[in-house]
Amino acid sequence: MLETSPDEEVDLLVFGAGAGGMTAALVGALEGLQTTLCEKTGMVGGITSTSGGTTWVPGTSQSLRAGVPDTTEKARQFLDSVIGSRGGEAQRDAFLTAGPQAIDYLEARTEVKFAAAVAHPDYLKNHPGAAFGGRALGPLTFDGRRLGADFDRVRPPRPEFLVLGGMMVTRADIPFLVSPFKSFANIRHVMKLLIRHGMDRLRHRRGTNLVMGNALVARLLYSLRKKQVPILFDTALAELLREQGRVVGAVVEGPGGRRKIRARRGVVLATGGLAWNKELREQLFPAPARLRSLAPEGNTGDGIAAAMRSGAGLDDKLDSAGLWMPCSILKRPDGTSSVYPHIILDRSKPGLIAVNASGRRFVNESDSYHDFVMAMLRANETVPSVPAHLICDRSFIRDYGIGLVHPGTRNLRSFIEAGYLIEAPSLRELAGKIGVAADAFEQTVARHNEYASSGVDEEFGRGTSDLNRINGDPTNHPNPCMRPIGPGPFYAVAVWPADLATSAGLQGDGDGRVLSPDGEAIPGLYACGNDLASIFRGTYPGPGTTLGPALVFGWRVAMHAAKASKAGALPLDPARDRVPGPPILKE
Ligand SMILES: Cc1cc2nc3c(=O)[nH]c(=O)nc-3n(C[C@H](O)[C@H](O)[C@H](O)COP(=O)(O)OP(=O)(O)OC[C@H]3O[C@@H](n4cnc5c(N)ncnc54)[C@H](O)[C@@H]3O)c2cc1C
């Protein structure tokens, strides 16, 4: 039953508290709009909080500050080369133009602050304008204790990436943790981490030294609270309200049932994309990639579905409807599963290859997670390649670890018994266990070992891009991504595709206004984050491919809604004090 009157009324109504929605709500409030943020679950963060937090924005003042100046012109050249004329030009232009401005705005007016990475190359080589550093922004570490009770409102990272019962670590911490006694500096670094974590655990369920995506979300939440933006938890978008062609608000489903909230300036959809929307998955994803997603279960495509019911167009003419990571799966004794995304820590290191059922390689294993899976899906059209198997020897596990097996792990028994790690004394026996053609498999490893000795991968060019080399092992020569595999025992881990984000989404313009299938803007309706189709058209050009646009379009939609001419927008309430009152926290 809908309550009829009086309807609540705000200027800007935002759905989804991930990177996109939190940015839109924050900027809307900063621009003087009375803004309410509705979040379906009891926590903010969505996929963003489980992410690396890397945000791809070219040409920022942060890159200049880091000593790796970059220009939007170079980035435009790069994107033109990667994407060509496959659509989205106006949106990419809007992104490139607004990007540095949006990041500076956030840095100056909120706690959302970044540092540009000096060495974090674009993912695609041989394109003019590609950068080695400066474009990937990392959110600064955040002390979760500053949030007080709100710390529990931040969705935790994936458990697979936590150590010691809830401690977040960065890639930079790993060498210290793997060899804690190697030097005094290592001991000191590890002690510092452990003491802080020990203190945290006396008071909190997990560590409060927040990094990566968790730091980004915590910074956004802290800023929203400071600006006193109301956040309605457990409150989901159910339907959009449309009057005379304009979206004027929404029906929300909250703890007290269904009610209407009207929005004078606009409704922003940022519900995280179509990840767990069964119908859209079936319609858009290749069959072998439909089963697994890395998104939280709350991301059921509500924003996209509601907009389509209100006349919005779905933009699905992309290279790929999903952006992917290869994932291995450990079945726990209690029947639940642990899904591990193989992002950078193992695939690119020397002494590992990936094979499909033919016993042959099908990809440059050191390429980006998205390109790895794209190759896997392509290969699967002719040879069973889902799952594929990552192959290595014992020394590889000692030095680098594989998936959930951390480097240096001495006892592999539990992983073998769980069926996660498949072990065999010889390549032929391993081939039998994982169901690949044995002769070809032996030849593949022999050929790979020759390439490792010469340093030249004649089949896939492994180690020839900045991305490959930076994720390899610089102490390994002649190629940081290749060393001979063997002697046995040998190991295999199966990997399947899972979406880290969806790239098909609502058709939009350069201000994030949602368009009808024939390209007309639907007044009052905006989208950002994964609800908006990817401006990179299903390619994955660099680190931070989804968060960069999520933040920049979060900024753009709010700025557009704030500046929308009175003729095109419903009038603001003249009687209302423009300074927001105390937060109304409805839970
Ligand atoms: C392991 C991993 C690492 C990653 N690393 C990176 C990275 O470093 N850089 C990068 O660019 N990308 C990365 N990604 C992808 C990135 O995290 C996502 O693309 C991005 O966070 C999506 O942001 P969003 O705001 O669209 O959605 P989300 O962050 O998922 O937020 C959506 C929110 O909407 C809520 N919601 C859903 N339905 C409703 C409804 N009906 N009403 C109200 N609220 C609703 C959800 O509960 C959720 O809180 C990574 C992904 C994974 C899995």
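Just so it is clear, the model here is predicted, and its values are computed rather than measured. (Residues numbered from 1 in each chain as written. Predicted model: local features only at pLDDT ≥ 70, side-chain atom pairs only at ≥ 80, totals over all residues. Heavy atoms only, no water.)

**With respect to the overall build of the protein**
From N to C terminus, the protein includes 16 helices and 23 strands. Taken over C-alpha atoms, the radius of gyration comes to 24 Å for the protein, in line with the 25 Å a tight globule of 587 residues would show. Over its C-alpha atoms, taken along the principal directions, the protein stretches across nearly 80 × 55 × 50 Å. Looking at the protein as a whole, 59% of its 587 residues qualify as buried. Accessible surface computed for the protein: about 23100 Å², of which carbon and sulfur atoms make up 55%. Of the side-chain charges in the protein, 67 are positive and 61 negative, and the distance between the mean point of each set is 4 Å. (Helix = DSSP H or I, 4+ residues; strand = E, 2+ residues; numbered from the N terminus. Rg over C-alpha atoms; globule rule 2.2 N^0.38 Å. Buried < 20%, exposed > 50% of the residue type's maximum accessible area, 1.4 Å probe, protein only. Areas by Shrake-Rupley, 256 points an atom, 1.4 Å probe, with all protein chains shown as cover. Lys, Arg positive; Asp, Glu negative; His and termini not counted. Charge placed at Lys NZ, Arg CZ, Asp CG, Glu CD.)

**A short note on the packing of aromatic side chains**
A full pass over the atoms with the stated rule returns 14 aromatic pairs. Residues Trp 56 and Phe 78 carry aromatic rings whose centres are separated by 6.3 Å and whose planes lie at 45 degrees to one another, so their mutual orientation is tilted. Separated by 22 residues along the polypeptide, Trp 56 in strand S3 (residues 55–56) and Phe 78 in helix H3 (residues 72–83) bring together distant segments of the chain. Each member of the pair, Trp 56 as well as Phe 78, is classed as buried. Measuring from ring centre to ring centre gives 5.4 Å for Tyr 369 and Tyr 540, while their planes differ by 80 degrees; the resulting arrangement is edge-to-face. Placement of Tyr 369 in helix H10 (residues 369–380) and of Tyr 540 in the loop between strand S23 (521–527) and helix H16 (547–563) is noted, with a sequence separation of 171 residues between them. A connected cluster of aromatic rings, assembled from ring pairs, spans Trp 56, Phe 78, Phe 95 and Phe 536. (Phe/Tyr/Trp six-rings, centres within 6.5 Å; stacked < 30°, edge-to-face > 60°.)

**Examining empty space enclosed by the protein**
The tally for this structure, following the rule as stated, stands at one cavity of 30 Å³ or more. Roughly 120 Å³ of internal volume is contained in the largest cavity. Around the largest cavity, the lining is made up of 14 residues, and of these Gly 529, Asn 530, Leu 532, Ser 534 and Pro 549 lie nearest the centre. If one sorts the elements of the lining of the largest cavity by residue count, H16 sits on top with three residues. Of the residues contributing to the lining of the largest cavity, the split by class is seven nonpolar, seven polar and no charged. (1 Å grid on protein atoms, 1.4 Å probe; cavity = no way out; pocket = protein on both sides within 12 Å on 5 of 7 lines; lining within 4 Å. Points joined across faces, edges and corners; volume = space filled by probe spheres on them. Nonpolar A, V, L, I, M, F, W, Y, C, P; charged D, E, K, R; others polar.)

**Looking at the environment of Thr 475**
Tracing the backbone shows Thr 475 in the loop between helix H15 (466–471) and strand S20 (490–502). Taking C-alpha positions, Thr 475 is 26 Å from Pro 326, a pair spaced 149 residues apart along the chain. Of the polar contacts made by the side chain of Thr 475, one reaches the side chain of Asp 473; its length is 2.7 Å. (Polar contact = N/O pair within 3.5 Å; in protein donor to acceptor, adjacent residues only side chain to side chain.)

**Quick word on the site of the ligand**
Within the structure, the ligand sits among 37 residues, and Glu 39, Thr 48, Asp 302, Thr 546 and Leu 547 are positioned closest to it. Take Glu 39: an N or O atom from its side chain is 2.7 Å from an oxygen atom of the ligand. Between Thr 48 and the ligand, the recorded distance is 2.5 Å, taken from a side-chain N or O atom to an oxygen atom. In the complex, 98% of the free accessible area of the ligand, which totals 1000 Å², lies under the protein chains. Among the secondary structure elements, those contributing two or more residues to the shell around the ligand are helix H1 (19–30), strand S11 (236–243) and S20. A breakdown of the residues in the shell around the ligand according to their chemical character gives 12 nonpolar, 22 polar and three charged. (Near = heavy atom within 4 Å.)

**Considerations on the pattern of salt bridges**
Using the criterion set out here, one finds 38 salt bridges in the structure. Its salt-bridge partner being Glu 160, residue Arg 158 comes within 3.3 Å of it at the nearest N-O pair. According to the relative accessible area criterion, Arg 158 is buried, its value standing at 15%. Note on Glu 160: relative accessible area 11%, which makes it buried. A salt bridge links Arg 447 to Glu 459, with the nearest nitrogen and oxygen atoms 3.3 Å apart. (Salt bridge = Lys/Arg side-chain N within 4 Å of Asp/Glu carboxyl O.)

**Some details on the confidence of the model for the protein**
On average, residues of the protein score 93 in pLDDT, and 95% of them are at 70 or above. Across residues 573–587, where pLDDT falls below 50, the model places 29 contacts with residues more than four positions away in sequence or in other chains. (pLDDT = per-residue confidence, 0-100. Contact = heavy atoms within 4.5 Å.)

**Comments concerning a nonpolar patch on the surface**
Judged by side-chain polarity, Leu 164, Phe 181, Phe 184, Ile 187, Met 191, Leu 194, Ile 195 and Met 199 come together as a nonpolar surface patch covering roughly 870 Å² of accessible area. Inspection of the secondary structure puts Phe 181 in the loop between helix H5 (174–178) and helix H6 (184–203). (Patch = residues over 30% accessible without salt bridge, like charges linked within 9 Å, V, L, I, M, F, W, Y side chains within 5 Å.)

**Let's talk about the layout of surface pockets**
Considered as a void within the structure, the second largest pocket measures approximately 440 Å³ in volume. Residue classes in the lining of the second largest pocket are distributed as 10 nonpolar, four polar and six charged.

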